[in-house]
Amino acid sequence: MAVTIKSEREIALMRTACGYLSEVLDEMVAYVKPGMSTKEINDFGDRLIRAHGCVPNFLNYEGFPGSFCLSVNEEVVHGIPSRKRIVKEGDLLSIDGGLIYKGYHSDAARSLIVGGRDKADPAVLKLMDVTEESFFKGIEKAVAGNHLYDISNAIADYVEPFGYGIIEDLTGHGIGRHLHEDPMIPNYRQHSRGIRLRAGMTLAVEPMIGLGTWEVDFADDGWTCTTKDKKVASHYENTILVTDGAPEILTLPGGRKRKSAEQ
Ligand code: MG
């Protein structure tokens, strides 16, 4: 699939799709409490998406049985919502989801500590913050005229000194009329420069970082991706618009504003 450049009309539709998703994720993050099942969290988010008149794009994607991927602790991504999976105080939960508005897709993920940041193991909290920061380091390079590997290598440059494992089996991606479009956007070091970035590209940049190894396993359910060493992993993602200057972060309020857990 060719990399697509979006028209002004398409960008406007994606802004709306992404703005709704940003609101949904904010409400979900505030909703999560210890003792909830991941199914309960999924169903809450599903209702929010539909209240906007939109459709969850993860549901039934290649057969995925939930509207959100809810991944706890050693689960990196693609956790299936379940009544049996109960989140508890201090767990790291990644909420990854997207929606379709008038044929255009959005995709974003947030990681949070169940019960609040003060309940986290300090090493896990640090991993979560470094993962989020690595996204911002990466997209500083997502400027028209740069190449794809400028994003990947900015993420790697920031993360590697911490000694964490950068997941290689899964990557970011283009997004638009389809949830997953070209190009693939690796979060680990690249030697070939990849495509040249152009204004109007819409990309989902999503670092996935493990406290230990970068190696992962896929569960028998065909989806859940866990770290091989069962150490915690974190995930953070936004859909962005490449421009001639700083990228617009479509799935954050205001499009350009930095959002941190303290705010
Ligand atoms: Mg994605």
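Owing to the predicted nature of the structure, the values given are computational and were not obtained by experimental measurement.

A. Quick peek at the pairing of strand β10 (residues 181-185). Relative to β10, strand β9 (residues 172-174) is paired through three bridges, and the arrangement is antiparallel. Opposite Gly 172, over in β10, you have Ile 185 as the bridge partner. Between β9 and β10, which pair antiparallel in sequence order, lie six residues.

B. Representation of the nonpolar core. Of all hydrophobic cores here, the largest spans 37 residues; its most connected members are Met 28, Val 32, Ile 41, Phe 68, Val 87, Leu 93 and Ile 95. Mapped onto this core, the elements with two or more residues apiece are α1 (8-31), α2 (38-51), β2 (68-72), β4 (92-97), β5 (99-101) and β7 (108-113). Counting residues in each nonpolar core, the second largest holds 31 residues, with Ile 113, Leu 127, Phe 135 and Leu 148 among its members.

C. Representation of the environment of Tyr 164 in the model. Position of Tyr 164 among the secondary structure elements: in the loop between α4 (148-159) and β8 (165-166). On the basis of relative accessibility, which here comes to 14%, the residue Tyr 164 falls in the buried class. For the pair Tyr 164 and Gly 212, spaced 48 residues apart in sequence, the C-alpha to C-alpha distance is 5.6 Å. Discounting chain neighbours no more than four positions away, the residues touching Tyr 164 are Ala 123, Lys 126, Leu 127, Val 130, Val 159, Ile 209, Gly 210, Leu 211 and Gly 212.

D. Representation of a negative patch on the surface. Where like charges cluster on the molecular surface, the negative patch consists of Glu 168, Asp 169, Glu 215 and Asp 229. One can find Glu 168 in the loop between β8 and β9. For Glu 168, a relative accessible area of 33% gives the class partly exposed.

E. Representation of the coordination of the magnesium ion. At 2.1 to 2.3 Å from the magnesium ion lie its protein donor atoms, namely Asp 107 (OD), His 173 (NE2), Glu 206 (OE) and Glu 237 (OE). Look at where the donors of the magnesium ion fall in the sequence and you get D-x65-H-x32-E-x30-E. Of the two residues, His 173 sits in strand β9 while Glu 237 sits in the loop between β15 (233-235) and β16 (238-241), which places them 64 residues apart along the sequence. Look at His 173 and you get buried, because its relative accessible area is 5%.

F. Looking closely at the packing of aromatic side chains. By the definition in use, this model includes eight aromatic pairs. Relative to Phe 136, the ring of Phe 135 lies with its centre 5.0 Å away and its plane at 85 degrees, an arrangement referred to as edge-to-face. For Phe 136, a relative accessible area of 9% gives the class buried. Plain terms: the ring middles of Phe 135 and Tyr 236 are 5.4 Å apart, the flat faces sit at 75 degrees to each other, and that makes the pair edge-to-face. Of this pair, Phe 135 sits in helix α3 (residues 122-139) while Tyr 236 sits in the loop between β15 and β16; the two residues are 101 residues apart in sequence, bridging distant segments of the chain. Looking at Phe 135, the relative accessible area reads 0%, which means it is buried. Owing to a relative accessible area of 4%, Tyr 236 belongs among the buried residues under this scheme. Three or more aromatic residues joined by ring pairs make a cluster, and in this case those are Phe 135, Phe 136 and Tyr 236.

G. Summary view of α1. The end-to-end C-alpha separation of α1 is 35 Å, in line with the 34 Å expected for 24 residues at 1.5 Å each. Every buried residue of α1 is listed here: Glu 10, Ile 11, Leu 13, Met 14, Ala 17, Cys 18, Leu 21, Ser 22, Val 24, Leu 25 and Met 28.

H. Region of interest: the sheet that holds strand β13 (residues 216-218). One open sheet holds the three strands; their spatial order is β3-β14-β13, and the pairing between them is antiparallel. Of all strands in the sheet, those bounded by a partner on one side alone are β3 (75-77) and β13. If you compare each strand with its neighbour and ignore which way they point, the axes differ by 40 degrees on average.

I. The pattern of salt bridges, seen in detail. Going through the model one piece at a time under the given rule, you end up with twelve salt bridges. Between Glu 75 and Arg 85 there is a salt bridge, and its shortest N-O distance comes to 2.4 Å. In this pair, Glu 75 sits in strand β3 while Arg 85 sits in the loop between β3 and β4, placing the two residues ten residues apart along the sequence. Here Glu 75 falls in the buried class, since its relative accessible area comes to 9%. Arg 85 gets classed as partly exposed once you look at its relative accessible area, which sits at 28%.

J. Region of interest: unusual backbone geometry. The amide bond that connects Asp 182 to the next residue, Pro 183, takes the cis arrangement and shows omega of 0 degrees. Although it is not a glycine, Asn 60 sits at a positive phi angle of roughly 70 degrees. Its location among the elements puts Asn 60 in the loop between β1 (55-56) and β2. Even without a glycine there, the phi angle at His 78 is positive, about 65 degrees. Among the structural elements, His 78 can be located in the loop between β3 and β4. What makes His 78 partly exposed here is its relative accessible area of 22%.

Rules and cut-offs
Residues numbered from 1 in each chain as written. Predicted model: local features only at pLDDT ≥ 70, side-chain atom pairs only at ≥ 80, totals over all residues. Heavy atoms only, no water. Pairing = 2+ DSSP bridges. Helix = DSSP H or I, 4+ residues; strand = E, 2+ residues; numbered from the N terminus. Core = buried A, V, L, I, M, F, W, Y, C linked by side-chain atoms within 4.5 Å. Buried < 20%, exposed > 50% of the residue type's maximum accessible area, 1.4 Å probe, protein only. Contact = heavy atoms within 4.5 Å. Patch = residues over 30% accessible without salt bridge, like charges linked within 9 Å, V, L, I, M, F, W, Y side chains within 5 Å. Areas by Shrake-Rupley, 256 points an atom, 1.4 Å probe, with all protein chains shown as cover. Salt bridge = Lys/Arg side-chain N within 4 Å of Asp/Glu carboxyl O. Lys, Arg positive; Asp, Glu negative; His and termini not counted. Charge placed at Lys NZ, Arg CZ, Asp CG, Glu CD. Donors = N, O, S within 2.8 Å, 3.2 Å for Na, K, Ca; no water. Phe/Tyr/Trp six-rings, centres within 6.5 Å; stacked < 30°, edge-to-face > 60°. Expected span 1.5 Å × (residues − 1). Axes fitted to C-alpha atoms, helices over the stretch in contact; angles between N-to-C directions.

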